[in-house]
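Commentary on secondary and tertiary structure
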Amino acid sequence: MRFKSTTGLAAIVTAAALALTGCGSGGSGSGGGSNAGGKVDGAGKTLNVLTGVLAQYPEQQKQWQSDIAAKFKAETGADVKFETFASANDELTRIQTSVVSGQGPDIYGLGTTFTPTAYATKAFVTLSDDDWKAVGGKDRFNPAALGISGPDKDHQAGIPFVSRPFVMAYNKDLLAAAGIDKPATTWDELAAQAKKMTKGDTYGIATGYKDNYDPWKFIWAMSVQAGNPLVDGNKLKLDDPAVKKAYETYFGWLTDDKVVDPASVGWSNSNAVAAFASGKAGYLMMTTGTSIPTLDKSAIAGKYEYTLMPTIPPGETQSKSDGDAASILSGDNLVVADYSKQKDLAFAYIKLITSKDEQLNYQKIFGDLPANAEALASLTDPKLKPMADAAAKSKATPFTGAWGDIQLALLNVTVQSIPDLAAGKVDESALDQRIKDAQNKGQASLDRASKG
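The name that an unreviewed UniProt entry assigns to the protein chain is ABC transporter substrate-binding protein, with the source organism given as Arthrobacter sedimenti.

This is the structure we're talking about:
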């Protein structure tokens, strides 16, 4: 199927913005939008940009960086130096280090869930009207992508770069061979279907338990779907039974259901994509458009489709959430350091990489949905429709400066459980203690953020 109009995809995605709420403190002014109407002269200068490593496409990322640096050099005369981080821990550390020292990269490319943490530091530019004009205008961006740029529409620091709603992919042939006529919509049904497809060296589910980013998102989704928002005002609720049930379900795919490759204990997301691409898994969990370039060149090209991940929590027949929580509101935002001496250059760079042509080029190489509204509306690939649906049914993670620590605390429960998973069983008392530790550390961070 094709979208009925060029605005169809954008209209679906825009709906995601309507459910977003948040609160927080004000930020600092930028000074730096004075050249919004003309070219910026950067001759002899170097712009420092920090961004995450694209582990699935390392060579393509290097080539893109080289190409965009050349275009920026031709446009402004300035060089671009890229720095990278490889994990959520590294991402948070880089923010904290720069805040304390007052020096570092001019631009940070951050996952959306880290935007509240960056905003709370007051070390990044809260965008003025002139700043928005310098990057092409706020109306350049898909409104839904602005949903976690700041605590409200008048106080925003994050400039959307790409949108990355999470979905799952499925192998049509493996589902059909197992007598499954449609993908699972509940977590219980997912496990049941996965068992039917697990035979020999083929497994029902591909996922990476050692991924640096994804494990906590399963816990968030199942917990929120069960009616536990994790953060309720100034109270953290990781000690809610829904959180433990989520970990037990997630770990249980390996220890009890045995529907994932035992090797996945050491896998990142890229390993899971590779396993699915080789035809050795029925479902690929927690994936995004970044898997398209790989899968379309793989042995299962034309034999896979995307769909929403389950929205019914474990042990239930309907969601207890006020929304589907099909995905976190996900993607990358760009923030400009308030200490930067070359904000004009920073905004000129952001204007370049968020232009329609550059966004479409990036989508073609890496698969992420554009944040540029015009670029997004021009996409008609039917594989992208489930991602648009996921974006429309996404929920934002809490807009609190403590969220970075809470997210890492959730992830750390899985990190600490890896040896147990490798041994085939996660001890219940050990899991209880890990969740308790996460609750205590996360609540302490939430208390600090609330006082700030």
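Comments concerning the overall build of the protein chain
Counting its secondary structure elements, the protein chain contains 17 helices and 14 strands. Residues classed as buried in the protein chain amount to 56% of the 452 residues present. Of the contacts made within the protein chain by residues no fewer than 6 positions apart, 79% connect residues no fewer than 24 positions apart. Counting every atom, the protein chain has about 18000 Å² of accessible surface; 50% of that belongs to carbon and sulfur. With 46 positive and 50 negative side-chain charges, the protein chain shows a separation of 2 Å between the mean positions of the two kinds.

Digging into the sheet that holds strand β10 (residues 304-307)
Strands sit in the order β6-β9-β5-β10 across an open sheet of four strands; the sheet is mixed. In this open sheet, the two strands that pair with only one neighbour each are β6 (203-206) and β10. Strand after strand, the sheet turns through a mean of 20° between neighbouring axes, direction not considered. Here strand β5 (residues 167-171) pairs with strand β9 (residues 281-287) via three bridges, running antiparallel. The partner of Ala169 across the bridge, within β9, is Leu284.

Some points on the layout of surface pockets
Empty space within the second largest pocket amounts to approximately 980 Å³. Contributing to the lining of the second largest pocket are 49 residues, with Val53, Leu54, Arg164, Tyr213 and Asp332 lying nearest its centre. Split into classes, the residues belonging to the lining of the second largest pocket amount to 23 nonpolar, 20 polar and six charged.

Digging into the pairing of β5
For β5, the tally of buried residues reaches five of five residues, placing the bulk of the element in the interior. Here β5 shows a buried face lined by Val167, Ala169 and Asn171 and a second buried face lined by Met168 and Tyr170. Note that β5 and β10 share four bridges and pair antiparallel. Looking at the pairing, Ala169 lines up with Tyr306 of β10.

So, the packing of aromatic side chains
Throughout the structure, instances matching the rule amount to 20 aromatic pairs. Ring geometry for Tyr108 and Phe124: centres 5.0 Å apart, planes at 85°, overall edge-to-face. Of this pair, Tyr108 sits in strand β3 (residues 107-111) while Phe124 sits in the loop between α4 (115-120) and α5 (129-134), and the two are 16 residues apart along the sequence. Ring geometry for Tyr209 versus Tyr250: centroids 4.7 Å apart, planes at 45°, classification tilted. Residue Tyr209 is located in the loop between β6 and α8 (215-225), and its partner Tyr250 is located in helix α9 (residues 241-255); the two are separated by 41 residues in the primary sequence. Assigned by exposure class, Tyr209 and Tyr250 land together as buried. These aromatic residues form a ring-pair network of at least three members: Trp187, Tyr209, Phe218, Tyr247, Tyr250, Phe251 and Trp253.

Examining the packing of helix α2 (residues 58-76) against helix α13 (residues 356-366)
Their axes nearest at 11 Å, the elements α2 and α13 cross at an angle of 165°. The angle between α2 and α13 places the two elements in the roughly antiparallel class. Like other packed secondary-structure pairs, α2 and α13 cross with a definite hand, here right-handed. Judged by residue contacts, Gln60, Gln61, Trp64, Ile68 and Lys71 of α2 engage Glu358, Asn361, Tyr362, Ile365 and Phe366 from α13. A per-class count over the contact of α2 with α13 returns five nonpolar, three polar and two charged.

Here we look at the sheet that holds β3
In spatial order, the strands read β2-β1-β3-β12-β4-β13; together these six strands make up an open sheet with mixed pairing. The open sheet has two free edges, formed respectively by β2 (79-85) and β13 (369-370), since each of these has just one partner strand. Across seven bridges, strand β1 (residues 46-52) lies against β2 in parallel orientation. Across the sheet, Leu47 pairs through a bridge with Val80, a residue of β2.

Considerations on the side chain of Ser264
Tracing the backbone shows Ser264 in the loop between α9 and α10 (269-277). On the basis of relative accessible area, Ser264 is assigned to the buried category, the value being 0%. Discounting chain neighbours no more than four positions away, the residues touching Ser264 are Thr207, Gly208, Tyr209 and Lys210.

Comments concerning α10
For α10, the full list of buried residues reads Asn269, Ala272, Val273, Ala275, Phe276 and Ala277. Looking at the packing, one finds that the buried side of α10 touches β5, β6, β9, α11 (292-295) and β10. The first or second residue beyond α10 is Gly279, which carries a positive phi of 85°.

Some points on the pairing of β9
The side chains of a regular strand alternate between both faces of the sheet. Within β9, seven of the seven residues are buried, which leaves it mostly tucked inside the rest of the structure. By the bridge criterion, three bridges tie β6 to β9 in an arrangement that is parallel. Looking at the pairing, Ile205 lines up with Tyr283 of β9.

Cut-offs and rules
- Residues numbered from 1 in each chain as written.
- Predicted model: local features only at pLDDT ≥ 70, side-chain atom pairs only at ≥ 80, totals over all residues.
- Heavy atoms only, no water.
- Helix = DSSP H or I, 4+ residues; strand = E, 2+ residues; numbered from the N terminus.
- Buried < 20%, exposed > 50% of the residue type's maximum accessible area, 1.4 Å probe, protein only.
- Contact = heavy atoms within 4.5 Å.
- Areas by Shrake-Rupley, 256 points an atom, 1.4 Å probe, with all protein chains shown as cover.
- Lys, Arg positive; Asp, Glu negative; His and termini not counted.
- Charge placed at Lys NZ, Arg CZ, Asp CG, Glu CD.
- Pairing = 2+ DSSP bridges.
- Axes fitted to C-alpha atoms, helices over the stretch in contact; angles between N-to-C directions.
- 1 Å grid on protein atoms, 1.4 Å probe; cavity = no way out; pocket = protein on both sides within 12 Å on 5 of 7 lines; lining within 4 Å.
- Points joined across faces, edges and corners; volume = space filled by probe spheres on them.
- Nonpolar A, V, L, I, M, F, W, Y, C, P; charged D, E, K, R; others polar.
- Phe/Tyr/Trp six-rings, centres within 6.5 Å; stacked < 30°, edge-to-face > 60°.
- Parallel < 35°, antiparallel > 145°, perpendicular 65-115°, else oblique.
- Left-handed = near helix turned anticlockwise from the far one by under 90°.

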